[in-house]
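# Structural overview
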Amino acid sequence: MSVRVRFAPSPTGYIHLGNVRTALFNYLFAKNQNGQFILRVEDTDLERSKPEYRQALIEDLAWIGIRWDEGPETGGAYGPYLQSQRLATYEQYVRKLLAEGTAYYCYVTEEETEEAKRIARLEKRPPRFDNRGRHFTPQEIEARKARGIKPTVRFKVEQPQVVLKDLVRGEVHFNLDDMVGDFVIVRADGSPTFHLAVCIDDGLMKITHVIRGEDHLSNTPKHILLLRAMGFDPPQYGHLALIHGPGGEPLSKRLGDVSVREFRRKGYLPQGLANYIALLGWSPGENREILTWQELQALFSLERVNKSPSIYDPHKLDWLNGEHLRRLSAEEFSQKAFAYLKMAGALEGKDETLILKVLPVFHDNIERFEQLPEKLNFLSEDFGYENKAWLESPEGREVCEAALQVLPSLTGEGESLYENFVNALKPKVKAKGKNLFMPIRMALTGREHGPEMKRLFPVLGLVRAKVRFEKAHKA
Ligand code: GLU
């Protein structure tokens, strides 16, 4: 039987580290097994689901490089892939469950359920539903109907002991009597719950493996019972441990925005981000960390997925992304960097030709594209000096004066242009080493640190260099 997995996001916000990791593990597992990866959008929560989030998640997944075999716009043999278009199918199954007596209309109100849970908590019992609605007499039901109470549909939990052979966590035992009791599958407003929709869809879409976050672990016994009651073989499950922040705390708002959108905005490469995310809970062994998409697909296995939480470390992400940047050809680097600058609106009013020429010089100097605009500030003539002292000292002034003398007659190309410049300066000035190179760097870029001058100098060219040394001399 060929592997079929799905990523089933709810379009209620931008996808973030946690859910894109789930998507990625499903995708890599499918590719590794020559299986199918399905995108299913769980948009039954009509109040919170938004079409713009659906669009955004499709864009973000595509950006990072995840491709689905079946999905909302792609189509496929088991569609539709938007849950909001599958309501009639859910109703059919509910009718069947009601007819068979495995589900029942429950006239207990939400307030009563909450109150029962509250009392259970006070009495230190598990806050589970006490199934009282199962035992209402026809008269009680009529009286409640007369009060305008709309029923929910609950699934009867008759075999509360469930054993799950989790692909990540091993064997897990559940006793649903301690946890939930009969659970709601259709809300009082007639809408299906997540549990109902997810089981029907996993069943009908012939999903073989459900890989999802550990936050769903307590739902899984319900899903196994519900799937069996509807005549489906439950898929295999693998629950991924949570992702924590650098201090071991749960990923939270305090860490800033960890949406894929935000990582795009910060200028990470899709393959750098995907590589980093793959390592959040999985490793190929042998201390291998820098991996291409092809390697990720070839090496991924659920056996090597870790049971314990993983730590999100932005510094490691930066490092890994930098490694991926270094692996691009100079041309690819410049092209992607330029596209990023354009997207970020950082090219407005700028000399694009000059930027294109200077970009390769920064290939080894950044870890993500967001660092570029600030580093490129020196390209506009009104840049300021980070440390004027290098220009104001007598030695610095001498360097500027000498530079202005030698520039007009300078010849050479590429890196040798800079060598010729320095060689021409040396006999004219007292400064040596740092005292020579810092005034040059300060005059030409306004910074103490930056890419190699021998690469930058020919890109700036002699005309700009002259203007800059004149300005520096007056500083
Ligand atoms: N819509 C659910 C979520 O976003 C999917 C859960 C599942 O994978 O079954 O958490």
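All values reported here derive from a predicted model rather than from experimental measurement.

### Side note on the state of the cysteines
- Scanning the model with the defined rule gives zero disulfides in all.
- You can see Cys106 has no disulfide; the closest cysteine sulfur is in Cys199, sitting 19 Å from it.

### Thoughts on the pairing of strand 8 (residues 209-213)
- The buried fraction of strand 8 is high, at five of five residues.
- Here strand 8 runs beside strand 9 (residues 236-240); their pairing, made up of five bridges, is parallel. Looking at strand 9, one finds that Ile211 is bridged to Gly238.
- Crossover strand 8 to strand 9 through helix 8 (residues 220-229) is right-handed.

### Topic: the packing of helix 18 (residues 415-425) against helix 20 (residues 453-474)
- Their axes nearest at 7 Å, the elements helix 18 and helix 20 cross at an angle of 55°. Viewed along their axes, helix 18 and helix 20 adopt a mutual orientation that is oblique. Remark: the crossing between helix 18 and helix 20 carries left-handed chirality. Across from Glu415, Leu417, Tyr418 and Phe421 in helix 18, the residues of helix 20 making contact are Met453, Lys454, Arg455, Phe457, Pro458, Leu462 and Phe469.
- Residue classes in the contact of helix 18 with helix 20 are distributed as eight nonpolar, no polar and three charged.

### Thoughts on the site of the ligand
- The environment of the ligand is made up of Arg6, Ala8, Pro9, Ser10, Glu42, Phe194, Val198, Arg212 and His216.
- Interatomic distance of 3.0 Å between a side-chain N/O atom of Ser10 and a nitrogen atom of the ligand.
- At 2.6 Å from a nitrogen atom of the ligand is found a side-chain nitrogen or oxygen belonging to Glu42.
- Calculation on the ligand without its partners gives an accessible area of 300 Å², and the protein chains cover 80% of this total.
- Of the residues belonging to the shell around the ligand, the class tally is four nonpolar, two polar and three charged.

### A word on helix 3 (residues 87-100)
- With 14 residues, helix 3 ought to run about 20 Å at 1.5 Å a step, and its terminal C-alpha atoms sit 20 Å apart, in line with that.
- What helix 3 keeps buried is the set Tyr90, Tyr93, Val94, Leu97 and Leu98. End-on view of helix 3: buried residues confined to an arc of 140°, all on one side of the axis. Turned more than 90 degrees from where helix 3 packs its buried face, Ala88, Arg95 and Ala99 sit exposed.
- Elements in contact with the buried residues of helix 3: strand 3 (103-106), strand 4 (152-155), strand 7 (183-186), helix 7 (194-204) and helix 8.

### Notes on the packing of aromatic side chains
- By the definition in use, this model includes 18 aromatic pairs.
- For the pair Phe333 and Phe369, a centre-to-centre distance of 5.9 Å together with 55° between the ring planes defines the contact as tilted. Linking Phe333 in helix 13 (residues 330-343) with Phe369 in the loop between helix 14 (352-358) and helix 15 (372-375), this pair joins segments that are 36 residues apart in sequence.
- Of the residues examined, Phe333 reaches a relative accessible area of 0% and is grouped as buried.
- On the accessibility criterion, Phe369 (4% relative accessible area) is buried.
- Taken together, the ring pairs in this structure connect Phe263, Tyr268, Tyr276 and Tyr312 into an aromatic cluster.
- Above the ring of Phe25, the side-chain terminus of Arg21 is found at 5.7 Å from the ring centroid.
- Sitting above the plane of the Phe183 ring, Lys222 keeps its charged end 5.6 Å from the centroid.

### What to know about helix 4 (residues 110-122)
- For helix 4, with 13 residues, the first-to-last C-alpha span of 18 Å sits near the 18 Å given by 1.5 Å per residue.
- Those residues of helix 4 not exposed but buried are Thr113, Ala116 and Ala120. Projected down its long axis, helix 4 carries its buried residues within an arc of 60°, all on one side. Those residues of helix 4 that are exposed and aimed more than 90 degrees away from the buried face are Glu110, Glu111 and Leu122.
- Considering only its buried residues, helix 4 is in contact with strand 4.
- Looking one or two residues past helix 4, Lys124 carries a phi angle of roughly 60°, positive in sign.

The rules behind each value
Residues numbered from 1 in each chain as written. Predicted model: local features only at pLDDT ≥ 70, side-chain atom pairs only at ≥ 80, totals over all residues. Heavy atoms only, no water. Disulfide = S-S within 2.5 Å. Buried < 20%, exposed > 50% of the residue type's maximum accessible area, 1.4 Å probe, protein only. Helix = DSSP H or I, 4+ residues; strand = E, 2+ residues; numbered from the N terminus. Pairing = 2+ DSSP bridges. Right-handed = clockwise from strand over helix to strand, strands pointing away. Axes fitted to C-alpha atoms, helices over the stretch in contact; angles between N-to-C directions. Parallel < 35°, antiparallel > 145°, perpendicular 65-115°, else oblique. Left-handed = near helix turned anticlockwise from the far one by under 90°. Contact = heavy atoms within 4.5 Å. Nonpolar A, V, L, I, M, F, W, Y, C, P; charged D, E, K, R; others polar. Near = heavy atom within 4 Å. Polar contact = N/O pair within 3.5 Å; in protein donor to acceptor, adjacent residues only side chain to side chain. Areas by Shrake-Rupley, 256 points an atom, 1.4 Å probe, with all protein chains shown as cover. Expected span 1.5 Å × (residues − 1). Arc of directions from axis to C-beta. Phe/Tyr/Trp six-rings, centres within 6.5 Å; stacked < 30°, edge-to-face > 60°. Lys NZ or Arg CZ within 6 Å of the ring centre and 35° of its normal.

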